[in-house]
Amino acid sequence: MKQAYPLIFFLIFCPYSIFSQTETDNISGIFYKISLATTLTINEEYQAFDDSDETLINPSALYINNTFGYQFDMRTSIGFNLGYNWHSQQGLHFAPAYLSLRHNFVVDDSNIFARAGYGTLLGVSKNFQKGNMYKLGLGIQMYGDDYNKSVLLGVDFTRKRFGYRALEGLSSISIFLEFMLF
């Protein structure tokens, strides 16, 4: 009978310990993110109460970006970014490749974050400008039903240096919309 006591103890208390463990959401790991952004400018030819088809605000640049990264915890992530930028008013094309760091300084159902990035502008053809760039931004990350998908909205400041000896510069403030998958 003494040998049965450990077996009885194991059979009684083991199911409670197995089912008492809660399943946690995956908050770290590899992610993919696709981004679409635009820079808006004031239309100088716009006149209020005029019957023309002119609008007050026009898009002046388009940014498409792909990010492959790693999220360490609910606060910090790092990513490698490849993208395409087209500035329609200047007629410039860029292919940025850069590293980015994002830090959530408010962690809740919707995270508020700051991010920064630094990298190079690739000269993939003669139409693309070569140089370097940096980016600073603020935004909000909103989750759906689970933590495996989220939408990010925010504002970025981007500075590009390009041309002969990187003497030309282009600064822009853009509004972004991103979709992130774990």
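A. Examining the packing of aromatic side chains more closely. Summed over the entire model, instances satisfying the criterion amount to seven aromatic pairs. Relative to F162, the ring of F94 has its centre 5.2 Å away and its plane inclined at 70°; by these criteria the two rings are edge-to-face. Residue F94 is located in strand 4 (residues 92-106), and its partner F162 is located in strand 7 (residues 149-162); the two are separated by 68 residues in the primary sequence. Ring geometry for Y134 and F157: centres 6.4 Å apart, planes at 55°, overall tilted. Here F157 lies in strand 7 and Y134 lies in strand 6 (residues 131-143), a separation of 23 residues in the sequence. By relative accessible area, which is 36% here, Y134 ends up partly exposed. The ring of F113 carries the charged tip of R102 above its face, separated from the ring centre by 5.5 Å. The aromatic ring of F94 is capped on one face by K160, whose charged end is 5.1 Å from the ring centroid.

Rules used in this analysis
- Residues numbered from 1 in each chain as written.
- Predicted model: local features only at pLDDT ≥ 70, side-chain atom pairs only at ≥ 80, totals over all residues.
- Heavy atoms only, no water.
- Phe/Tyr/Trp six-rings, centres within 6.5 Å; stacked < 30°, edge-to-face > 60°.
- Helix = DSSP H or I, 4+ residues; strand = E, 2+ residues; numbered from the N terminus.
- Buried < 20%, exposed > 50% of the residue type's maximum accessible area, 1.4 Å probe, protein only.
- Lys NZ or Arg CZ within 6 Å of the ring centre and 35° of its normal.

It is worth stressing that arrangement in space is one thing and function is another; only the former is reported here.
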